[in-house]
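Below are the chains, spelled out letter by letter.
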Amino acid sequence: MTGNRPSELDGLKAKHRTPHTMEASAPPLFLAPMAGVTDLAYRILARECGADMTVTEFTAASGLTRKNTYSWLKVESDPRESPFIPQIFGGITEEMVQTVEMLQDRADVIDINFGCPAPKVCKNDAGAALLRDPDRVVSMVRACIEAADVPITVKMRLGTGSGPNTALEICERLEQEGVERVCVHGRTLRQRYSGEADWSQIREISESVGIEVIANGDVTDSSSALKCLEATGATGLMIGRGAIGRPSIFHEIKRDLGWTTSTPPWGEGGDAMARHWCWDRYLELAEEIYSDSPNKNLKRHAVSFTKGLPGASSMRVELHREGDQRKLGKMVSGYLAELATPNEASAV
Ligand SMILES: Cc1cc2nc3c(=O)[nH]c(=O)nc-3n(C[C@H](O)[C@H](O)[C@H](O)COP(=O)(O)O)c2cc1C
């Protein structure tokens, strides 16, 4: 989604900008919940890079109600992550209600997932599989809202892909039930991540409801962000894969669209500088948050932060061999530092 003619981009930008209250009026940018990616350290990092909202990865209501330690670790937060929005999923209403009751002391908002396409989730009649039965979705959310002292939001796909899409009907009914906000990923369950997100169906939803609608799917830079806002009429955007290994995307979008004039934490440097700063900051936050326990996402982040960069594939072989997390962190840091250092030869 690149290659806009400047006049087209400028025209679109103007519609979404109020110069005097730029930051306040700009549509909020959300870091999408992503299992195995959006750990607490990464969510704080994304916020430092300009994300307005972050959500935990999806956490099973069955695990939380059974007091599974691993599930409870997923819903850890920190005062720097405010508001705190844990995301839960499940197929049993009573369990979802119990989870809401257990979580609401620590949560500012609770998000319910009706978007996960993973077979192990869908076979338990949870995640996106529930979209085939709007009555069940509505009654589950109604029960959660009745039990909750905090706002409930919902994230969903367009439908299951078998039979007509149900997201529009579900969003209209959820608005009546008192849902605070919906986020719609413009794909069906059947599509998983293939094809293009259908932003026009998100527009139908945002034109039919009065609550906040966050558009999600295929936003990867400022140009696609602007096009998505224009195509969907959404009140905000959620970015997933475009923010993996690239948390600086949030600042870049805001800067390019004129929503911020602030200097990012990595200073005036370009992409390489941003990557290096973000990686070191991730290590710092991870060290602080996980202290001596192993960080299960570190290797995955290391691969993402170096993807497509010169010499990255040979460095990655070494990276996979390295068992010591501190050494691994330093190896990637050294590699990114070198890329960020201006080459004296080319500077002459
Ligand atoms: C690795 C990965 C993990 C994901 N985990 C979750 C999750 O836990 N909860 C959720 O609602 N969506 C999850 N998603 C879906 C994303 O939140 C998002 O809806 C999807 O990636 C589309 O947005 P994008 O085109 O910006 O990536 C995941 C996506 C990816 C790639």
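Reading the values: rules and limits
- Residues numbered from 1 in each chain as written.
- Predicted model: local features only at pLDDT ≥ 70, side-chain atom pairs only at ≥ 80, totals over all residues.
- Axes fitted to C-alpha atoms, helices over the stretch in contact; angles between N-to-C directions.
- Helix = DSSP H or I, 4+ residues; strand = E, 2+ residues; numbered from the N terminus.
- Parallel < 35°, antiparallel > 145°, perpendicular 65-115°, else oblique.
- Contact = placed C-beta atoms within 7 Å.
- Nonpolar A, V, L, I, M, F, W, Y, C, P; charged D, E, K, R; others polar.
- Buried ≥ 20, exposed ≤ 12 C-beta atoms within 10 Å, placed from the backbone.
- Pairing = 2+ DSSP bridges.
- Right-handed = clockwise from strand over helix to strand, strands pointing away.
- Domains from an automatic or database assignment.
- Core = buried A, V, L, I, M, F, W, Y, C linked by C-beta atoms within 7 Å.
- Near = placed C-beta within 6 Å.

Chemist: Which residues make up the packing of helix α14 (residues 298–306) against helix α15 (residues 312–321), and what values do they have?
Modeler: Interaxial distance between α14 and α15 falls to 10 Å at its minimum, and their mutual angle equals 170°. Between α14 and α15, the angle is such that the two are roughly antiparallel. Contact with α14, carried on its side by Ala302, Val303 and Thr306, involves Ala312, Met315, Arg316 and Leu319 of α15 and no other residues of that element. Among the residues forming the contact of α14 with α15, the class breakdown is five nonpolar, one polar and one charged.

Chemist: Give me the pairing of strand β8 (residues 212–216): which residues, what numbers.
Modeler: Across the five residues that make up β8, a large majority, four, are buried. Here five bridges tie strand β7 (residues 181–185) to β8, and the two strands are oriented parallel to one another. Looking at the pairing, His185 lines up with Asn216 of β8. In this fold, β7 hands off to helix α10 (residues 199–208), which returns the chain to β8; that crossover is right-handed. Note that β8 and strand β9 (residues 236–239) share three bridges and pair parallel. Residue pairing for β9: Ile214 is matched across the bridge by Gly236. In terms of handedness, the path from β8 via helix α11 (residues 222–232) over to β9 forms a crossover that is right-handed.

Chemist: Describe the domain arrangement of the protein, naming the residues involved and giving the relevant values.
Modeler: Quoted interface sizes are often the accessible area lost when the parts come together. Each assigned domain of the protein is listed with its residue range as follows: domain 1 (6–18 + 26–256) and domain 2 (271–347). Taking only C-alpha atoms into account, the centre of domain 1 sits 29 Å from that of domain 2. Taken together, the contact between domain 1 and domain 2 spans 14 residues of the former and 13 residues of the latter. Taken together, the residues that form the side of domain 1 that touches domain 2 break down as nine nonpolar, three polar and two charged.

Chemist: Summarise the nonpolar core; cite the residues concerned and give the values.
Modeler: Counting residues in hydrophobic clusters, the biggest one holds 98 residues, and the most contacted among them are Phe30, Val141, Val184 and Leu237. Take this core: its biggest share by element is nine residues, from helix α13 (residues 271–290). For this core, the two domains that each supply at least three residues are domain 1 (6–18 + 26–256) and domain 2 (271–347). Those residues in contact with Val141 that lie beyond four places of it in its chain are Ile112, Ile152, Val154, Leu174, Glu177 and Val179.

Chemist: Requested: an account of the site of the ligand, with residues and values cited.
Modeler: The full set close to the ligand counts 22 residues, and Ala32, Met34, Phe58, Gly240 and Arg241 are the nearest of them. Looking at the shell around the ligand residue by residue, the classes come out as nine nonpolar, nine polar and four charged.

Chemist: Explain the environment of Ile205 residue by residue, including any values.
Modeler: Mapped onto the fold, Ile205 is located in helix α10. When the C-alpha positions of Ile205 and Gly233 are compared, they lie 9.2 Å apart, and in sequence the two are 28 residues distant. Filtering out sequence-adjacent residues up to four positions away, Ile205 remains in contact with Ala167, Leu168, Cys171, Val184 and Val213.

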